[in-house]
Amino acid sequence: MAPKAAALVLVLLAISGSRADVNPDEVASVIWKYFTELGSNAKDTAEQLHQSELSKQLNTLLKSNLQSVSAYAEDLQQRLEPFAMELQAKLAQDSQRLKEQIQRELQELQAKLAPYADQVHQQIGTNIRQLRARMGPYAEELRSQVDRSAGELRQALEPYAAELRERLQDNAESVQASLSPYAERLQRQIDGGVEGVKQRLSPVADELKAQVEQSVAELRRGLSPYAQEVRDGLERQLQSLSAQMERAAEELRARLAASSEELRAQLSPLARELREAASGDAESLRQRLRPLAQQLEQRLGQSLETFRQQAAPFGETFGQQLVQRLEEMRGKLDSGAAGVEDHLELLEKEVRDKVAAFLSTAAPPQN
């Protein structure tokens, strides 16, 4: 098997072999990443892949998964090898085919829509204005939820700083005995608070994604009177637009989750430093704790403010991305010129569809 296809098999096995509820989108995302980052580089060799950190991690995952679900993994491996090789070869063929097809369709679209150029331009402009108006309240809601989440987490954590200052008044042995349980409680509060932030922000991301779908549907209806003779070409452009917007929505969700985890990573060292302080000798305990007690509230505030400033504008940025996609589509219909990577959205969708179909026929046995 070719090195890239072999690496792809490792990726799929590492993800698919670990659990029964395989997420096709997750598998497809890893495959697409391999195709885009490795598939176009002819200089990649088996040795380079073998030595890469990613390859080492995948091999570790694969060994672990084979131990736990060996029968399923072995069966899946037999089916994955030809699937991976076929998919990789087809991707290269489809990439050039889609490039040429999209360019032809755009030129045909421009010619057929020329008598209605003003109306089409106006319709997309109307959709852009509607999208801006629709995104505004949701972006504000996301900002409000970020502010509220940060404020509530601050209120939940600030008493720990006051409690630590009070504990310093006790005798050293008492402080040392109570410090580890205190640090554990602080960590649980941090973890619970971060999970609460995620749960609060996730519905807003869902609502934003729903608005994306509605916007594309409205644009499709608005353009349909002008595109009876070029329905397929226009539909392909709308599918590409939809794919771009949906990817932006998923990126928004991922950025919110990453920001929440970054907040956890900034706060968790506070609990760890307290546990480390408790492990030393009792005589110097106060000396070790005093700076921590003085800094705890300040560090909590700084971490939460960083999170708030980072995550609050995500909604506005998302809305700007969507408007940009619509403006790009309007420009393509006006000029008849395809973008350099216009085919990639459709190619990625094709990969995702094929992966979903494959996994639906390669499901692990039910217990």
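Look up: the structure comes first, before these words.
The rules behind the values
- Residues numbered from 1 in each chain as written.
- Predicted model: local features only at pLDDT ≥ 70, side-chain atom pairs only at ≥ 80, totals over all residues.
- Heavy atoms only, no water.
- Helix = DSSP H or I, 4+ residues; strand = E, 2+ residues; numbered from the N terminus.
- Buried < 20%, exposed > 50% of the residue type's maximum accessible area, 1.4 Å probe, protein only.
- Areas by Shrake-Rupley, 256 points an atom, 1.4 Å probe, with all protein chains shown as cover.
- Phe/Tyr/Trp six-rings, centres within 6.5 Å; stacked < 30°, edge-to-face > 60°.
- Salt bridge = Lys/Arg side-chain N within 4 Å of Asp/Glu carboxyl O.

### Quick word on the overall build of the protein
Stage number 1. Of the regular secondary structure elements, the protein holds 11 helices and zero strands.
Stage number 2. Traced from its N-terminal end to its C-terminal end, the protein shows the element sequence α-α-α-α-α-α-α-α-α-α-α.
Stage number 3. When burial is assessed residue by residue, the protein has 42% of its 367 residues classed as buried.
Stage number 4. Total accessible area on the protein is roughly 18,700 Å²; 48% of this is exposed by carbon and sulfur atoms.

### Describing the packing of aromatic side chains
Stage number 1. Applying the stated rule across the entire model yields one aromatic pair.
Stage number 2. Ring centres of Tyr-160 and Tyr-182 lie 5.9 Å apart, and the angle between their planes is 50 degrees; on these two criteria the pair is classed as tilted. On the criterion of sequence distance, the pair formed by Tyr-160 in helix H6 (residues 117-167) and Tyr-182 in helix H7 (residues 172-223) is long-range, its members being 22 residues apart.

### Topic: the pattern of salt bridges
Stage number 1. Inspection of the entire model under this criterion finds 22 salt bridges.
Stage number 2. In this structure, the salt-bridge partner of Glu-297 is Arg-165, at a minimum N-O distance of 3.5 Å. Of the two residues, Glu-297 sits in helix H9 (residues 285-311) while Arg-165 sits in helix H6, which places them 132 residues apart along the sequence.
Stage number 3. By relative accessible area, which is 33% here, Glu-297 ends up partly exposed.
Stage number 4. Residue class for Arg-165 comes out partly exposed when judged on its relative accessible area of 38%.
Stage number 5. With its nearest N and O atoms 2.5 Å apart, the salt bridge here joins Glu-195 to Arg-264. Residue Glu-195 is found in helix H7, and its partner Arg-264 is found in helix H8 (residues 231-278); the two are separated by 69 residues along the sequence.
Stage number 6. Relative accessible area serves as the criterion here: at 32%, Glu-195 is assigned to the partly exposed category.
Stage number 7. Residue Arg-264 is classed as buried on the basis of its relative accessible area of 16%.
Stage number 8. Through salt bridges that share partners, Asp-191, Glu-195, Lys-198, Glu-261 and Arg-264 make up one connected network.

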